[in-house]
Amino acid sequence: MKLKNRGAFVLAAVLLILNSCIGIRSDIQFRADGSGTVNLEYRYAKAMESLGKLDGNERWPVLPAGRADFERTVARVQGLKLLSFSSREDEKDSIYQIGLSFADLESLVRFLDAQGQRALIKKENGKTILTLTLPNSKEDFDPDLMALVTSLAQGYRFEMTFSVPSGSADLRIVPGDSTIPGAELVSGSGKASFSAPIAHLLTATRNLGLELSF
């Protein structure tokens, strides 16, 4: 089985390849001047480690290498700082927690997606609109490997929370007619959140995204 590199999704410069990392939680907090913080927690089942050792996969490691990857990202993205990093293990998972700060919206977007294709931000009618493309695996994946990854992803979720300095945070799935089984979407005063099973995101057959307006 061979895993093909298809580039990064939002946060993938930090989470590396989200299409195989399992449980992900991120909390992005915006300040009024456009700066803010990102708190990340991601976990993967220890069984995922074997995927990085499959024949032909050595060039595309499935697992993040640790603090050094975040330090390289911070060095690459102007305005980004690494505030904290920790790792631990429980009986099932390896767990990483990372704290970062960004100086402005542009540095946040460069962190989310270095290629400038899966994270976009713009100003419209006095509002800030952040659009993120969600991960899926419809491109060039070995079906046996994808079945294994999807099986291991059962019970894990992808979660994003956004906190804004004032007013309402409006979050929606795009395209507007899209549905994700098991997804939870909340918008409200000062905060919005999205949560969905990783397995359902991985097996999506169309490009899906989130649009945050505040």
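Residues numbered from 1 in each chain as written. Predicted model: local features only at pLDDT ≥ 70, side-chain atom pairs only at ≥ 80, totals over all residues. Heavy atoms only, no water.

Visitor: Could you give an account of the confidence of the model for the chain, with specific residues and numbers?
Guide: Here the chain shows a mean pLDDT of 78. Residues at 70 or above account for 73%. Strand 8 (residues 184–197) holds the highest mean pLDDT among the elements of the chain, 94, whereas helix 1 (residues 12–15) holds the lowest, 36. Throughout residues 1–20 the model reports pLDDT below 50, and contacts reaching past four residues in sequence, or to other chains, amount to 76 contacts. Taken together, the stretch residues 52–63 has pLDDT below 50 and engages in 25 contacts with residues farther than four places along the chain or on a different chain. (pLDDT = per-residue confidence, 0-100. Helix = DSSP H or I, 4+ residues; strand = E, 2+ residues; numbered from the N terminus. Contact = heavy atoms within 4.5 Å.)

Visitor: Could you give me a rundown of the pairing of strand 6 (residues 127–133), with the residues and numbers involved?
Guide: Look at any regular strand and the pattern is simple: side chains alternate between the two faces of the sheet. Counted residue by residue, strand 6 has 5 buried out of 7 residues, so it is predominantly covered. As paired elements, strand 5 (residues 119–124) and strand 6 share 6 bridges and run antiparallel to each other. Looking at strand 6, one finds that Ile121 is bridged to Leu130. Both strand 6 and strand 9 (residues 209–213) contribute to a ladder of 5 bridges, which runs antiparallel. Considered in strand 9, the bridge of Ile129 is made with Ser213. (Buried < 20%, exposed > 50% of the residue type's maximum accessible area, 1.4 Å probe, protein only. Pairing = 2+ DSSP bridges.)

Visitor: For the pattern of salt bridges, give the residues involved together with the corresponding values.
Guide: In this structure the tally under the stated criterion is 9 salt bridges. For Arg172, the salt bridge is made with Glu211, and the minimal N-O distance between the two is 3.1 Å. In this pair, Arg172 sits in strand 7 (residues 157–174) while Glu211 sits in strand 9, placing the two residues 39 residues apart along the sequence. Ionic contacts of the salt-bridge type, sharing partners, join the residues Arg25, Glu41, Arg43, Asp90, Asp93 and Glu159 into one network. (Salt bridge = Lys/Arg side-chain N within 4 Å of Asp/Glu carboxyl O.)

Visitor: Talk me through helix 2 (residues 67–76); I want residue IDs and the actual numbers.
Guide: By the burial criterion, the buried members of helix 2 are Asp69, Phe70, Thr73 and Val74. End-on view of helix 2: buried residues confined to an arc of 135°, all on one side of the axis. Residues of helix 2 that are exposed and angled more than 90 degrees away from the buried face: Arg72 and Ala75. (Arc of directions from axis to C-beta.)

Visitor: How would you explain the packing of aromatic side chains if you had to name every residue and give the values?
Guide: In this structure the tally under the stated criterion is 7 aromatic pairs. Aromatic pair Tyr42 and Phe70: ring centres 6.3 Å apart, planes at 35°, arrangement tilted. One end of the pair, Tyr42, is in strand 2 (residues 36–45); the other, Phe70, is in helix 2, and 28 residues separate them in sequence. Residue Tyr42 shares its accessibility class with Phe70, and that shared class is buried. Taken together, the ring pairs in this structure connect Tyr42, Phe70, Phe85 and Tyr96 into an aromatic cluster. (Phe/Tyr/Trp six-rings, centres within 6.5 Å; stacked < 30°, edge-to-face > 60°.)

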